[in-house]
Structure formats: structure tokens, C-alpha cells
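Descriptive analysis of the structure
Okay, here's what each chain looks like letter by letter:
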Amino acid sequence: MVAGGALALVVAGATVLALASRGGTEAWVPLSAEVPANDPLAPPLASGLAVPHPQLLAVRDASTTSSWAPVVRPLRLRAAPSATAAVVARVGVSTPERTANVVLVTGRTRAAADLWVPVRAENVAGWAPRASLGGYESVDTRLEVDTHALTATLLRAGRVVFRAPVGIGTANAPTPTGSFYVRNRLTRYRSPFYGPVAFGTSARSSLTDWPAGGFVGVHGTNRPDLIPGRVSHGCIRLRNADIVALARLMPVGTPIEIR
Amino acid sequence: MRLELSDLDRDGALREAAAALPDETRKDFLLRTLAGGGAALAALVLAEPGRAASKSDVEILNYALVLEYLQAAFYTEAERRGALRTRTARETARVLGAVERAHVRALREALGTAAVARPFFDFGGTTENEPAFIKTAVAFEDLGTAAYKGQAYRIDSPALLAAAISIHSVEARHAAWIRYLAGAPPASSAFDEGKSMPEVRKLVASTGFVVQGPRTKARAEPRFTG
Amino acid sequence: MATRTDTAASRRRFLRLTAAGAGTLTLGSVLAAGVPALGLSGSAQSRDVEVLNYALLLEELTAAFYQQALARAGLSGELREFAQVAGGHEREHVAALRKALGPKAKKAPRFAFGKAVSTPQRFAATAVALEELAVSAYNGQAANVSKPVLVAAASIVSVDARHAAWIRAIQDRRPASQAVDVPKTRREVLREVDATGFVRS
């Protein structure tokens, strides 16, 4: 401990001085000698909280952690961190399922006159004004969908924790490839077509004139016999037992790579 | 309403901020959160086996936990966002974040199933803008010290009391350190006063940092392409 | 294990104190009352008195240290300002503890700091050590005192902790990287005090 070390430094200097000046004529009683053997001021000092040693964030964390934020005000996504830069997209506050719309945060905030945050919003990358976003959340999971092997793999902190076969889009309505993210989690809906739980993503299928904008989801199915296969309008389908297992592991905001 | 500290007077500026009451839903939410949720205030075993914590101690621990969640989330986000410019500010976020995260773990472990869940936070730009970061950190650390101090005499368990006092003096160190960085007096008075629970809740509510989480789950029909 | 046996009268006084602060004990109310006036029963009061005298010794030690350093250590700039402010605080701590103890306050011993106040560097190293020692001493006694004394002690220990962080900051050292301040027993603390050789009588 630093305190002990510093006092030791002091002791080395002071004790010599003390010995020199005392000269042996004063009877000096150490203070600690006055403390009785059963010190009434010495109850057990056991603490009621086990406080662990502080741990710095591991460098490794940075590469496997990603952040997302809700959109709290409709925002104009811009090509550069400036209010005069070109608008590349308009992003609203709700998803088609009426949940909060979220964006993936992809880099450091830039401080100009205001704060600008680099984000991926739906299918587009750009800069959002900080004031349009809510609080950041972070996740350490990542979903990788392989359109050749027809698998979905979930990694947490870089380690594989889940893998399952998937059904993806047909040749006419292929599942898009690229970088996306999970936007919402839906349950207790009527249609058995989607299985017990469904995740909305920021990915758009080629059927963009679909009523709700043509977004792609990750969900269960009432046709497990079709999995693995190229069978959907773009969505990523898992067998119901698999989607339930995935739902225990994958939070909203998880980035998705589809290759 | 974001926390603004026009000067770094420990009490004056925060009092000013608290005078403007937050909107009703935010305040209610915060009070619910700080009150410990209500459910499962069961007796719990602390680090020393065989010693159960009183209902009052559980409430105090959960109150402390929310404040530690707040501080830990603030520093962690500041470090992760990577937007602070100076070495000392980054070092502050790194070191203090590690300590506050340790406090969170300790309180969560002590509370077990009685621990309140981590709230959602929106720190506005205060983790991404250095002057705002420093001001907010000063306010948090002074507040943390005052909050622990305000509860110390109410703690039933002597072991818990010893732990709380030992954590609170660390918060005081943090407060002095950050004040030094900010060019403010690290110790402006010979005696630090405590703050009561209602006072602290009001101050935290006035920052607007504790928010309802975004609604990302729903019982709704998927509108995907299928 | 610390026990606090209060008589009915002292419990009433205690409740009056809490009522005055709208549910919280304030330092002002505690110090105004003074420990002897709180009228706690024998063993609790004598323990309070013992802890307060123990605290008083440490505060006298630190106050004298800052005073000596200002006179002899060649301090300037930030270090000087620190010694002035912190020294002032320690003197206020001494005064408050003496007031709380009333006639039960022990007389201050004589101190001599020798080389510890001979240079700014030694001053700074010793200041850190003494403030850290005070923090661990107070923390070690938290469970031993009655509630009003706890309020007073808590108000003092955090200021000493601020001093410790301040002097470290001046030396450009990292902020405290420990999550808790480890408490020390009275015997441990007094052994460290003895080892400094600062106390002469």
C-alpha cells in the first residue's frame, strides 16, 4: 500500500532523527502501548460487502462491443458531420411494428458546433445529430448469416455461442448481403408463419415496395421442413426451437453480417 | 433538462438545477427505481454468512446501487465513446469507471435477487464533450459522497456500515481529484455535509439522465417480407 | 461486536436531533449538542469519548504538521496553497472535536517533525501518508460510535480523503485506484504513528 510505503520513507528519516534527539533521558511511552490488550475499539473489521478488485475495460472488448441508440426525434442523416452536408436519408422514430426505431453507432462522436454521431440507420450510413438520439446501449454479440452454408451463428465477445441452419430468400427475392442490425423483438402475435418469436432487422429485401417498407426479419416458422433452404421473401427463418434458443442470447441492437 | 454547472459550487449549482422540477413521468419513474422496485425485499445474506440484512438496509443498498449504476454507466460510456480529448480526462474515465463498476458488482452481489435492475440512461452529450464530462463527473462524485453520508447513520448492520463508509471515502477522493482537474477547490470546506434520500433523488431526476428504456419489444404482428 | 445501549432519555434526545433535520442528522446539530450533552449511557458514551479523543490526536498531529511545514518546508505555489487550506481544515476539525468532548478532551501531545518538513518533497510524501492514515483510522471506527458521532466522523473523514487525493493530484499521481479504503484498527494506526517518531510526549 502506498500509505505504508510513504510512511516507511518518513520512518527512515524521522526515526534516525528521533533517536538522535531523545538522548535516552526521556521515558517515551509509545501510543500503541497504551492500547489495552482487548481493545474495546477493535471489533472485527469484516466488511459487509465483498468489493472486487477494479478491472479496466479490456482492449479486446472494444473490438467485440458495439453500440446502438434509439431515435428520439425524426432525423436527417447527413453525408458529413455538418448541418449543411447533403441529406442521405430521413429516419423516423418508429419501426413498422411501432417499436422505437434504433440506429447502430459506428464510430466516435464528432464535436463541431454540435455533436454528430456516425451511425448506420436502416440500410444507410451517415451522420446523425446527437440531439436526435437517446441513450446509448452496448452489446457484445454479433450475428453472422452465411448465405452459402445456410447457417446463422451468434458470437458473444468473439466466441461462438450458437449456430443453426437457416432458410433464406429465393433467387427472386434474395436475402440482402451486408451489415445490418436487430431493431426489435416481437412475440405473442397471431401468425404461426413467423413461429414463436421474431426479430426485426434494418435489412431491406429486394421487395422494397412491400407495404411496410420491405424489411427483413429473423424468425421462426411453421415449415421447419424447408430449413435449410432458399425459400423465403428475404427473411431469415430458423426452426422454432432454434429461434427460441437464439432469443435467449441475442439482444436488440446486435449487429448482423450477412454474407 | 441537462445538468448544467455554471460554476462548480458543490451545492449551489445543483440546487439551481433541482429547483426546476422534472416532468411527472420521469420523476415517478425515478422514484420507483430508487425505492428499490418493491418486489422481493427478502432477507439476504451478506458477505458474512448467517447475517441477514434488514428491510431498511436493503432499501439503502438498492439506493446506493442506482447511484453506482449511474456513475459506472457514465464513465464506461465516456471511455467507450472515445470522444474525450485529454489524457487526464480519458484516464479519469478509465480508472474511476473501473472502481464504480466494482462498486456495482459488490452491491449486486450483496443484494442478490433483491437488487434493482440497471435503469436506462441518456447522458446527452456529457460523455462526448470534455468540459461537460468534467462538470458532470464533479457533480456525480460530490453527490455520491453526500448520498452515502446521508444514509450512514440509518444503516442497521455494523458490517454494512463499515463497508459503506469505506466506499464513501473513495467517492470523496474521486470528487477531489476531478475538482482538481476542473480547476475547482478539491476540498472547499472542513466538513462535508450529507444529503437525504429525497434530496438526492430530486437532484438525479433533475439531470434527466435516467430515462425510460426505448420500447424495442412488443406484442405486435411482424411486418416483414416473410 | 459494537453495541449501543441507550437510555430512554438519550433516545428522546436523539429523536429530537433527527426531527430537527427533517429526518436527517446534520453535523451542525451534532456539534452544537456536544457528545457529553447527548447523555448516552455509560459504555456507549465512554466509547464515543475514546474514539473522539483518538480522532483528536490524529487531527492535532496533522494540524501541527501543516503548521510546521508552512514555517519550514519552503513551500510555494500549489503545495503551499494545499498546506494552508488543509491545515485550516485540520484546525477546524481539532476545534470541533474539542468542543464535542468538552472537559473530556485529552491534552495534545508535543510534536516534532524533523526531516519530514524539511523539503517540499518530504512534506508531500508525509502529507499523503498522514491523510491516508486518518482515513483508515476513521473508517476503522465507524461501527464503534453512536449515530450522532458517526455523522460527525463521516463529515470529517471524507474531507481527509479529499486532502489525500488533492496532494496526490498535485504530484501528478493517479486518482485512487482502489475501490474501498481499507480500515485499520486503533492499534495498527497508533503503531504507524509511533513509527514516525513525530509524537514526543
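**Focus: the confidence of the model for chain A**
Residue and element names in this part refer to chain A. Per-residue pLDDT for chain A averages 88, and the proportion of residues at 70 or more is 88%. Here residues 1–6 is modelled with pLDDT under 50, and outside its nearest four sequence neighbours on either side it reaches six contacts, counting other chains as well. Every residue in residues 9–25 scores below 50 in pLDDT, and together they form 23 contacts with partners more than four places removed in sequence or on other chains.

**Remarks on the nonpolar core**
If you look at the biggest cluster of nonpolar residues, it comprises 136 residues, and the most contacted ones within it are B:Leu65, B:Leu70 and C:Ala153. Excluding residues that lie within four positions of it along the chain, B:Leu70 makes contacts with B:Phe121, B:Phe140, B:Val204 and B:Phe209.

**Side note on the packing of helix α3 (residues 55–81) of chain B against helix α4 (residues 87–111) of chain B**
Residues and elements named next belong to chain B. As a packed pair, α3 and α4 sit with axes 8 Å apart at the nearest point and diverge in direction by 150°. Between α3 and α4, the crossing angle belongs to the class labelled roughly antiparallel. Considering the relative orientation of α3 and α4, their crossing is left-handed. Class assignment for the residues of the contact of α3 with α4 results in 14 nonpolar, five polar and six charged.

**Remarks on the domain arrangement of chain A**
Residues and elements named next belong to chain A. Looking at the assigned domains, one finds that chain A contains domain 1 (61–138) and domain 2 (140–258). Once you take the C-alpha centre of each, domain 1 and domain 2 turn out to be 23 Å apart. On the domain 2 side, the residues contacting the 15 residues of domain 1 number 18 residues. Elements that contribute at least two residues to the side of domain 1 that touches domain 2 include exactly β1 (66–70) and β4 (102–105). Partitioning the side of domain 1 that touches domain 2 into residue classes produces four nonpolar, seven polar and four charged.

**Concerning the interface of chain B and chain A**
The interface is formed by 47 residues belonging to chain B together with 58 residues belonging to chain A. When contributions to the side of chain B that touches chain A are tallied by element, the ones reaching two or more residues are α3, α4, β1 (120–121), α6 (158–182) and β3 (217–218) of chain B. Broken down by element, the residue count for the side of chain B that touches chain A peaks at eleven residues, all from α4(B). Across the side of chain B that touches chain A, the residue classes tally to 22 nonpolar, nine polar and 16 charged. Where strand β13 (residues 178–187) of chain A lies against β3(B), two bridges are found, and the strand directions are parallel. Counted as the bridge partner of A:Arg185 is B:Lys217 from β3(B).

The rules behind the values
- Residues numbered from 1 in each chain as written.
- Chains lettered and ligands numbered in written order.
- Predicted model: local features only at pLDDT ≥ 70, side-chain atom pairs only at ≥ 80, totals over all residues.
- pLDDT = per-residue confidence, 0-100.
- Contact = placed C-beta atoms within 7 Å.
- Core = buried A, V, L, I, M, F, W, Y, C linked by C-beta atoms within 7 Å.
- Buried ≥ 20, exposed ≤ 12 C-beta atoms within 10 Å, placed from the backbone.
- Axes fitted to C-alpha atoms, helices over the stretch in contact; angles between N-to-C directions.
- Helix = DSSP H or I, 4+ residues; strand = E, 2+ residues; numbered from the N terminus.
- Parallel < 35°, antiparallel > 145°, perpendicular 65-115°, else oblique.
- Left-handed = near helix turned anticlockwise from the far one by under 90°.
- Nonpolar A, V, L, I, M, F, W, Y, C, P; charged D, E, K, R; others polar.
- Domains from an automatic or database assignment.
- Pairing = 2+ DSSP bridges.

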